Amino acid sequence: MRLAHSRRRITTVVVAAAATVLALNGAATALPSTTADPRNAAAAKAKIRPQLQTQLSAQESTVDFWVYFDAKADLAKASAITDWNARGTAVAKALRQAADESQRAVRAELTASGVTYRSFWATNAIKVTGDQALAERLAARSEVSSLLPSFTVDPPPITKGVGRQAVDAVEWGVANINADDVWDQFGVRGEDITVASIDTGVQFDHPALVRQYRGNKGDGVFDHNYNWFDAAGTCGGAPCDGDGHGTHTMGTMVGDDGADNRIGVAPGARWIAANGCCPDDAALISSGQWLLEPTDLNGQHPDASKRPHIINNSWGTTTPSDAPFLEDISLAWTASGIFGVWANGNNGPGCQTSGAPGSRKINYSVGAYDSDHTIAPFSSRGAGQDGEIKPNIAAPGVNVRSSMPGGAYANLNGTSMATPHVAGAIALVWSAATAMVGDVDGTRSLLDGTATDNPDGQCGGTDDDNNAFGEGRLDALALMRQAPRGPTGRVDGTVTDAGTAKPIPGATVTITGPVSREVTTDADGAYQSGALPLGSYTIDARKYGYAPGQTQAQVHEGTTATADVSLAPQEMNTVSGTVTDGSGHGWPLYAKVVISGYPLGPIFTDPVTGRYRVRLPRSASYTMQVTAQYPGYQATQRTFELAETDLVQDAALTVDESACTAPGYRFSGVSEDFDDWTDAGTRNGWQTSGKQSWRFDNPGYRPVPNGGDGRFAIADSATGGGKRYDTSLTSPLIDLSGDAAPQLTFHTSYYPDDASQRADVDVSTDGGRTWKTVWRQTSDHAFGKVTLPLPQAAGRTDVRIRFHYQGRDAWWWAVDNVFVGTRACRPVEGGLVVGFADDRDTGAPVFATVARTGQPGEAGTGVTTPVDPALGDGLYWVFSSAVGRTDFTASASGYQTAAATIPVGKDAVVTHDWSLVRADG
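What you are looking at is a predicted structure, and each value in this text was computed from that prediction instead of being measured.

### Details of the overall build of the protein
Across its full length, the protein carries 13 helices and 59 strands. Against the compact-globule benchmark of 29 Å for 921 residues, the protein has a radius of gyration of 29 Å, which places it among compact chains. Along the first, second and third principal axes, the C-alpha set of the protein runs to 80 × 70 × 60 Å. A buried classification covers 52% of the 921 residues belonging to the protein. Once local pairs closer than 6 in sequence are excluded, the contacts in the protein between residues at least 24 apart make up 71%. Approximately 36700 Å² of the protein is accessible, and the part contributed by carbon and sulfur atoms is 47%. Charge-centre separation for the protein: the mean point of 73 positive side chains lies 3 Å from the mean point of 100 negative side chains.

### Focus on the sheet that holds strand E8 (residues 159–160)
Strand order in the open sheet formed by three strands is E8-E19-E18, and the pairing between neighbours is antiparallel. Edge strands, defined here as strands with exactly one partner in the open sheet, are E8 and strand E18 (400–404). As judged from the two bridges shared by E8 and strand E19 (residues 408–413), these two strands associate in the antiparallel manner. When the sheet's bridge partners are listed, Thr 159 is paired in E19 with Asn 413. Packing of helix H8 (residues 245–254) onto the sheet brings it into contact with E18 and E19, and relative to E18 it is tilted by some 115°.

### Re the packing of helix H4 (residues 84–113) against helix H10 (residues 327–335)
Closest axis-to-axis distance for the H4/H10 pair is 9 Å, and the angle between their directions is 150°. As summarised for this structure, H4 and H10 are arranged roughly antiparallel, according to the angle between their axes. The segment H4 lies against H10, with Arg 87, Val 91 and Leu 95 engaging Ala 332, Thr 334 and Ala 335. For the contact of H4 with H10, the per-class residue count stands at four nonpolar, one polar and one charged.

### Details of the packing of aromatic side chains
In the structure shown here, the tally under the stated rule is 34 aromatic pairs. Judged by centre distance (5.3 Å) and plane angle (85°), the rings of Phe 746 and Phe 803 are edge-to-face. Taken together, the positions of Phe 746 in strand E45 (residues 743–751) and Phe 803 in strand E49 (residues 800–808) put the pair 57 residues apart, joining distant regions of the chain. Judged by its relative accessible area of 0%, Phe 803 falls in the buried class.

### A short note on helix H3 (residues 50–58)
Looking at H3, one finds that the buried residues are Leu 52, Gln 53 and Leu 56. One side of H3 carries all its buried residues, which in axial view fall inside an arc of 100°. Seen from the open side of H3, the exposed residues pointing more than 90 degrees away from its buried face are Gln 51 and Ala 58.

### Re the confidence of the model for the protein
It should be kept in mind that the predicted coordinates are not to be read in detail where pLDDT is low. Mean pLDDT over the protein works out to 87, with 92% of the residues at or above the 70 mark. Note that residues 1–39 has pLDDT below 50 and, in this model, 84 contacts with residues that lie over four places away or in other chains.

### With respect to the state of the cysteines
Under the counting rule described, the total for this entry stands at four disulfides. Across the disulfide, Cys 277 is cross-linked to Cys 278 (sulfur-sulfur distance 1.6 Å). On the sign convention where negative means left-handed, the S-S torsion of about -65° between Cys 277 and Cys 278 marks this disulfide as left-handed. The pair Cys 277 / Cys 278 is uniform in exposure class, with both members buried. One disulfide in the model links Cys 660 with Cys 825; its S-S distance is 2.2 Å. Across the S-S bond linking Cys 660 and Cys 825, the dihedral sits near 80°, which makes this disulfide right-handed. Taken together, the positions of Cys 660 in the loop between strand E38 (651–653) and strand E39 (665–667) and Cys 825 in strand E51 (residues 825–827) put the pair 165 residues apart, joining distant regions of the chain. In the protein, the bonded cysteines, taken in the order they occur along the sequence, pair up as 1-2, 3-4, 5-6, 7-8.

### Observations concerning the side chain of Asn 346
Within the fold, Asn 346 resides in the loop between strand E15 (339–343) and strand E16 (364–369). The exposure class assigned to Asn 346 is buried, which follows from its relative accessible area of 6%. There is a polar contact of 2.7 Å between the side chain of Asn 346 and the side chain of Thr 415.

### Regarding the side chain of Arg 473
Its location among the elements puts Arg 473 in the loop between strand E21 (465–466) and helix H13 (476–482). In this structure Arg 473 is buried but unpaired, with Asp 475 as the nearest side chain of opposite charge at 7.4 Å. Within polar-contact distance, the side chain of Arg 473 engages the side chain of Asn 454 at 2.7 Å.

### Regarding the pairing of strand E55 (residues 875–880)
Buried residues dominate E55, accounting for six of its six residues. Residues of E55 alternate between two faces, with Leu 875, Trp 877 and Phe 879 on one and Tyr 876, Val 878 and Ser 880 on the opposite face, all of them buried. As paired elements, strand E52 (residues 831–839) and E55 share six bridges and run antiparallel to each other. Each residue of the ladder has a partner; that of Val 834, found in E55, is Trp 877.

### Here we look at the environment of Arg 776
Along the chain, Arg 776 turns up in strand E47 (residues 772–777). As a C-alpha pair, Arg 776 and Asp 762 span 14 residues in sequence and 9.0 Å in three-dimensional space. Residue contacts for Arg 776: discarding those within four places in its chain leaves Arg 758, Ala 759 and Asp 760. Of the polar contacts made by the side chain of Arg 776, one reaches the side chain of Asp 760; its length is 2.7 Å.

### Quick notes on unusual backbone geometry
The omega torsion of the bond from Cys 277 to Cys 278 falls at 0°, within 30 degrees of zero and hence cis. Relative to the assigned elements, Cys 278 resides in the loop between strand E13 (270–274) and helix H9 (281–292). In this structure, Pro 349 follows Gly 348 across a cis peptide bond, with omega equal to 15°. The residue Pro 349 is located in the loop between E15 and E16 in this model. Its identity is not glycine, yet Asn 817 carries a phi of approximately 50°, on the positive side.

### Description of the nonpolar core
As a rule of thumb, nonpolar side chains are buried together in soluble globular proteins. Among the nonpolar cores identified, the biggest contains 64 residues, and Trp 271, Ile 310, Phe 339, Val 422, Leu 428 and Leu 447 are the most heavily contacted of them. For this core, the element with the most residues is helix H11 (residues 415–432), which contributes 10 residues. Residues Val 579, Leu 589, Phe 640 and Val 909 belong to the second largest nonpolar core, which totals 41 residues.

### Here we look at the pattern of salt bridges
Pairing of side chains with opposite charge becomes possible as their charged atoms draw close. Across all of its chains, the model carries 21 salt bridges by this definition. The partner of Arg 96 in a salt bridge is Glu 293, with the nearest N and O atoms 2.8 Å apart. Highlighted residues: Arg 96 in helix H4 and Glu 293 in the loop between H9 and strand E14 (310–313), separated in sequence by 197 residues. Residue classification places Arg 96 among the partly exposed residues on the basis of a relative accessible area of 34%. Residue Glu 109 pairs with Arg 141 through a salt bridge whose shortest N-O separation is 3.0 Å. Here Arg 141 lies in the loop between helix H5 (132–139) and strand E7 (144–149) and Glu 109 lies in helix H4, a separation of 32 residues in the sequence. In this structure Glu 109 comes out as buried when scored by relative accessible area, which is 18%. Residue class for Arg 141 comes out partly exposed when judged on its relative accessible area of 25%.

### A closer look at the environment of Asp 441
Mapping Asp 441 onto the fold places it in helix H12 (residues 440–450). On the basis of relative accessible area, Asp 441 is assigned to the exposed category, the value being 59%. Linking Asp 441 and Arg 800, residues 359 residues apart in sequence, is a C-alpha distance of 59 Å.

### A short note on H5
Turning to H5, its buried residues number three or more, namely Gln 132, Leu 134, Ala 135, Leu 138 and Ala 139. Burial along H5 is one-sided: seen end-on, the buried residues are contained in an arc of 165°. Taking the backbone nitrogen of Ala 133 as reference, a side-chain oxygen 3.3 Å away marks Asp 131 as the first, capping residue of H5.

### As for the sheet that holds strand E28 (residues 549–555)
If you trace the four strands from one edge of the open sheet to the other, you get E24-E23-E27-E28, paired in antiparallel fashion. A strand with exactly one partner marks an edge of an open sheet, and here the two such strands are strand E24 (516–520) and E28. If you compare each strand with its neighbour and ignore which way they point, the axes differ by 20° on average. Examined bridge by bridge, strand E23 (residues 508–512) and strand E27 (residues 535–542) share five bridges and lie antiparallel to one another. Within E27, the residue paired with Thr 510 across the bridge is Asp 540.

Parameters and conventions
- Residues numbered from 1 in each chain as written.
- Predicted model: local features only at pLDDT ≥ 70, side-chain atom pairs only at ≥ 80, totals over all residues.
- Heavy atoms only, no water.
- Helix = DSSP H or I, 4+ residues; strand = E, 2+ residues; numbered from the N terminus.
- Rg over C-alpha atoms; globule rule 2.2 N^0.38 Å.
- Buried < 20%, exposed > 50% of the residue type's maximum accessible area, 1.4 Å probe, protein only.
- Contact = heavy atoms within 4.5 Å.
- Areas by Shrake-Rupley, 256 points an atom, 1.4 Å probe, with all protein chains shown as cover.
- Lys, Arg positive; Asp, Glu negative; His and termini not counted.
- Charge placed at Lys NZ, Arg CZ, Asp CG, Glu CD.
- Pairing = 2+ DSSP bridges.
- Axes fitted to C-alpha atoms, helices over the stretch in contact; angles between N-to-C directions.
- Parallel < 35°, antiparallel > 145°, perpendicular 65-115°, else oblique.
- Nonpolar A, V, L, I, M, F, W, Y, C, P; charged D, E, K, R; others polar.
- Phe/Tyr/Trp six-rings, centres within 6.5 Å; stacked < 30°, edge-to-face > 60°.
- Arc of directions from axis to C-beta.
- pLDDT = per-residue confidence, 0-100.
- Disulfide = S-S within 2.5 Å.
- Polar contact = N/O pair within 3.5 Å; in protein donor to acceptor, adjacent residues only side chain to side chain.
- Salt bridge = Lys/Arg side-chain N within 4 Å of Asp/Glu carboxyl O.
- Core = buried A, V, L, I, M, F, W, Y, C linked by side-chain atoms within 4.5 Å.

Below you can see the structure in the form of structure tokens.
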């Protein structure tokens, strides 16, 4: 049965095995290739991602897309190169050689065919302009790993702060992280460190930035070679900024005009920049590549010694995402000793709203808080990739005053504003503790260990590491006090099993002494401390399943002390159980089980049986939290003691009656989710009217309204340019004669551009002749679920609801899941169908939509299951209100629609897997 926990995800393993690894010394090691036979057309087409396949099929002409190659440069030994210039040169050389060797044949073919393309080496890829036939020809080549569509990325949407009558002597965020105390107590302002940004550009001669610009040679002479990269093609030979975002973020890193505008964390540092954010993906990638090995203004004479130490990235996907965009380049930055800092996104206040690249494990991302140390409502929350706590840290991001083009200053809000505070703090530390320069892992550990804890349990985590503040609030002074200034030495060692003497990988090693560090053992059980001040240290090692171990070490100047630790295995017992629905249906639930003290990640139940099991050390007390993976259930928590016998811990989860979104449960009342809508006009009694009418096909590719799903209603500037909006979405007559306390609820995302827009929700109790406004938004954003009591509609038979949007040069207003009535959550007769969908020829997961035939409201779409190692992607679930033999269809972009009759059981889970055939197969 495919749903059993024996199912495994295999894509990553295949890709890794197929790669050619190029070492830093330039020697290529060919690993055994598992690439599919190029003659296998189905396997080749599987390399073309579904989104790109859809674009190619829909276009009669050419489209832009990316061709990625298997070969990777082995950069693992780069951190051992102590010379800064040699390290950067070695990394760039290895990357260039890997790309050149693997791309050579494809570039020759593209050139011979007259195809427009652009080759990159920092990420081993070529951007191509071509058609379906070219994509299929390239996909058939064994050295090509995948073909992906081109896309755009935007700076996180920011808002204007509130201007203050009096300017602070030091900008509030700079003082809040104690950067000014670092200046005064340590005499350090970031000297000898170069920071960079990938952003919208920088006004290089701004009074607060001109002195710090690395291209400023003095006496009014500027040399922009190696200091400026015009990735957007909008500025030419000198840095400029037509937006202001980049000038603002650079000001927070280094800004200081020598008078009243002390706006930067590290005003002694130098800066360079690339305006890669965000005309397109190629501009971002080329900017990341240029910063690894800057060139002159003509793109010639690359020199890795001129790369920056720190790169600020106040940009990312505007919707929650874990996409691995810029992953290769981010890894190359780290290998080269560059610390990349990323904004976590402005998609809050909901959980799991972190945006890529900040959401990725390898990247260090930043959330935003205000002057009261309250997390900003807009600041994206985690978890991120594979359940990673995100953001990593938080910094000031509300009402931050900094530089703007034209020599001006402005107050802005956003994680874009928080991120450069962290970049500047790293510059301060690396300026004072030169042994830390290039030690990215050690610096991350320092940032984490010195952050001020800020408990916040709204999105999970612990008091000292949660999905709102990460490790806590940035503290530059505490960071500096823990930095290894002056003479240093190191500690390394191996953690082993006391019984077998075998190495223990993944053990946490805490090093405590004059400063503190926390590191993890590698695959060989080895650890390295990085640079430490001289003195005595205690080394504490811990790994789940073992009793803690400890030893001592003395650090001397210029030497490495060896401190090995052995850990004794603990006695274990089994905890198992079944998780079920506890509100009426009683069926097994796919659920996540988190047990305190169990560090191997969450445990998941089997989606068919609801069962789980785990081994835990005995003679201990545990807290267990159970959370359904289906929406609409309330989590439950319990504690238990584990003695000398195995233990059974079952859990029955109840639905959240206030939301009533669990499969198989419905509110009593009138609702509209717009899921089966396509065109404006009249549908289900609803009507659209006015200028630039409401749409249901998401013409601007906006994110689903917070809390919504599927299709939704939207009034969007993408359909009207600069035209004026005056459009209404009006409900049919609603009979509330039996309802004594009705409510209106809906999910919304309202993005205004300025105060010229207005979003009104109106109610009529006389069939639409007169209206009363019960909710209004103008210049303020509005996200999430809105609940409005409607006492005036109680007992009335001719009620209507109207969503009325007005304005010019608007952005958008989206609405979903409208409900009118009294909310009583009740089970609906029926059963659950769960299973997987895959490609018939390749077995690759397909994110199919499975629906009961003729009932689009009863549908489910395949999801990713990145945190659950026992399940592959493509898992779907759907509730059917019909039982017995019931007809279903499965559809996915680029595939033929499949049909099947499934025996649905009342209050039961049945399984059905789908193997879909490509549309051209």
